[in-house]
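Chains, contacts and geometry: an overview
Spelled out from the first residue to the last, the chains are:
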Amino acid sequence: MTSNSNLIRFKRDYQMHIDNLANNLVNQFESGEAIAEDILEIIREIYEAAKVEKELSNNQFEVAYHTSVTGDVEFLFARFFYHLIEARELNWKVYLRRQFQRIVPDIRIESEGKTLAIIEIKSKVGWMQSFFSKDRVKHDLERLKSGESTLNPEVDILKKRNQLWKYIEHFNINSDRFYVLVPSLKQVYRKKYGRKYEYFKSCFSDHSKLPSENLVVLSNDLTYEVSDLLSPSSVTNEFEIMVNKVICCELSNT
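These numbers come from a predicted model, not from an experiment. Sequence order as written defines the numbering, with residues in each chain counted from 1. Two thresholds apply to this predicted model, a pLDDT of at least 70 for residue-level local features and 80 or more for giving and counting side-chain atom pairs, whereas whole-chain, interface and lining totals are computed over all residues. Hydrogens and waters are ignored; side-chain quantities use all the structure's heavy atoms.

Things to note about the nonpolar core
The criterion, for reference: By nonpolar core we mean a set of buried residues, namely Ala, Val, Leu, Ile, Met, Phe, Trp, Tyr and Cys, connected to one another through side-chain atoms within 4.5 Å. Here's how the labels work: a residue is buried when its accessible area is under 20% of the maximum for its type, exposed when over 50%, partly exposed in between, all with a 1.4 Å probe on protein chains only. Counting from the N terminus, the helices are the DSSP runs of H or I reaching at least four residues and the strands are the DSSP runs of E reaching at least two. Note on contacts: a residue pair qualifies if any of its non-hydrogen atoms lie within 4.5 Å across the two residues.
F77, F80 and F239 are the most contacted members of the largest nonpolar core, which has 43 residues in total. For this core, the secondary structure elements donating two or more residues are helix 1 (4-30), helix 2 (36-50), helix 3 (70-87), strand 2 (107-111), strand 3 (114-121), strand 4 (178-182) and helix 8 (238-248). Ignoring anything within four residues of it in the chain, the contact list for F77 reads I39, I43, I107, I121, L181, L218 and F239. Counting residues in hydrophobic clusters, the runner-up holds 27 residues, among them I103, I118, Y167 and L215.

Quick notes on the packing of helix 2 against helix 3
To keep things clear, this is the line we draw: All axes are obtained by fitting lines to C-alpha atoms, using only the stretch in contact for helices, and the reported angles, taken between N-to-C directions, cover 0 to 180 degrees. With the far helix as reference, a near helix turned anticlockwise by less than a right angle produces a left-handed crossing, and one turned clockwise produces a right-handed crossing. Residues are sorted three ways: Asp, Glu, Lys and Arg are charged, Ala, Val, Leu, Ile, Met, Phe, Trp, Tyr, Cys and Pro are nonpolar, and all the rest, Gly among them, are polar.
Viewed as axis vectors pointing N to C, helix 2 and helix 3 meet at an angle of 145 degrees, and their least axial separation amounts to 10 Å. For the crossing formed where helix 2 meets helix 3, the hand is right-handed. Together, I39, I42, I43 and I46 of helix 2 and D72, V73, L76 and F77 of helix 3 make up the contact between the two elements. Classifying every residue of the contact of helix 2 with helix 3 gives seven nonpolar, no polar and one charged.

What about the layout of surface pockets?
Here is the rule: A cavity here means a set of 1 Å grid points, computed over protein atoms only, where a 1.4 Å probe fits but cannot escape. A pocket is an open set with protein on both sides within 12 Å along at least 5 of 7 lines, and lining residues have an atom within 4 Å of a point. Grid points are joined across faces, edges and corners, and a volume is the space filled by probe spheres set on the points.
There is about 190 Å³ of room inside the largest pocket. The wall of the largest pocket is formed by E120, K122, W127, M128, D156, K159, K160, Q163, L164 and Y167.

Some details on the pattern of salt bridges
Proximity of charged atoms lets side chains of opposite charge pair with each other. For clarity, the cut-off: The working definition used for a salt bridge is a side-chain nitrogen of Lys or Arg within 4 Å of a carboxyl oxygen of Asp or Glu.
Applying the stated criterion across every chain, the model contains 13 salt bridges. Among the salt bridges present, the one from K186 reaches D228, with a minimum N-O distance of 3.6 Å. In this pair, K186 sits in the loop between strand 4 and helix 7 (197-208) while D228 sits in the loop between strand 5 (215-217) and helix 8, placing the two residues 42 residues apart along the sequence. Note on D228: relative accessible area 31%, which makes it partly exposed.

Re the packing of aromatic side chains
Each aromatic ring pair is characterised by the separation of its centres together with the angle its planes make. Quick reminder of the rule: Here a Phe, Tyr or Trp ring, Trp counted by its six-membered ring, pairs with any other such ring whose centre lies within 6.5 Å, and the pair is stacked when the planes are under 30 degrees apart, edge-to-face when over 60, and tilted otherwise. In this analysis the charged atom, NZ for Lys or CZ for Arg, is taken to sit over a ring once it is within 6 Å of the ring centre and within 35 degrees of the ring normal.
On inspection of all chains with the given rule, the structure shows eleven aromatic pairs. Here the aromatic rings of F29 and F80 are separated by 6.2 Å at their centres, their planes lie at 75 degrees, and the arrangement is edge-to-face. Taken together, the positions of F29 in helix 1 and F80 in helix 3 put the pair 51 residues apart, joining distant regions of the chain. Residues F29 and F80 agree in their burial class; the two are buried. Three or more aromatic residues joined by ring pairs make a cluster, and in this case those are F29, F77, F80, F81 and F239. Note that R108 overlies the ring of F100, its terminal NZ or CZ placed 5.8 Å from the centroid.

A word on helix 6 (residues 153-170)
Note the following rule: Each helix should span, by expectation, one fewer than its residue count multiplied by 1.5 Å. Here a polar contact is taken to be a pair of N or O atoms separated by no more than 3.5 Å, where protein atoms must pair a possible hydrogen donor with a possible acceptor and residues adjacent in sequence count only if both atoms sit in side chains.
Helix length check: helix 6 (18 residues) gives 25 Å between terminal C-alpha atoms against 26 Å at 1.5 Å per residue, within 8%. Contacts from the buried residues of helix 6 go to strand 3, helix 4 (129-132), helix 5 (134-146), strand 4 and helix 7. Two or three places before E154, at the opening of helix 6, N152 has a side-chain oxygen 3.0 Å from that residue's backbone nitrogen. One or two positions beyond helix 6, positive phi appears at N172, with a value near 55 degrees.

Examining the environment of N220
Note on placement: N220 falls in the loop between strand 5 and helix 8. With 215 residues separating them along the chain, N220 and S5 place their C-alpha atoms 43 Å apart. Apart from the residues lying within four places of it in its own chain, the contact partners of N220 are Y197, S234, V235 and T236.

Below, the structure written as structure tokens:
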């Protein structure tokens with residue numbers, strides 16, 4: 001029987017690989033390079049790694065869906081901030097999924113006991129469609145009225161908004177220091193409505209009561225899904241702008 005220590009080593013090597021990629025991203029960022037496209041490529045690699053178990057499928061064994069990648073994606077971004085803070089020699093601390101009085105933000109950056117920023121990571125946004133699209137709200141309300149569904153999108157939006165603001169109020173930070181980071185918005189895009197990228201950012205702002213720029217999207221290609229093999233037709237600089245706000249500008253004087 002294979003020793004359990006081998007599994008630990010394999011897992012450690014995998015996590016160290018992600019950590020090294022995060023460190024490389026910091027080196028690129030510090031050199032003034034755009035890094036959003038490289039981040040998307042790393043996330044795609046994480047998805048491909050998760051799909052390896054599907055290679056075992058045969059007539060007697062079938063994998064319905066791959067394991068969640070959310071934890072690995074959160075780890076990537078948390079280690080990015082760790083390496084950047086280390087490079088800047090800032091006496092800050094990065095918490096990844098650290099519970100504090102029953103509140104568990106994905107990533108929280110702290111200095112001398114004060115929370116400087118919170119970043120929530122969403123690998124995909126299909127389960128939050130109404131939060132990003134008023135077209136979806138209208139569709140879901142019609143289904144609720146007809147009895148086709150029991151989901152009330154307005155109640156769902158309020159619930160999700162309250163969850164976001166619970167973080168803001170609990171850690172006593174300004175709302176412009178709370179970010180939601182997603183790779184792309186394909187799962188909320190519907191071609192028949194003809195909506196543009198800015199529409200979804202506006203819907204997010206209206207529903208969350210946060211600034212639209214606090215929704216950080218890596219690609220504004222509405223037909224792009226990070227788990228696919230194709231590359232996006234375009235990327236944004238929203239991640240770099242967020243990092244500059246968190247690390248270089250607003251909070252460096254806090």
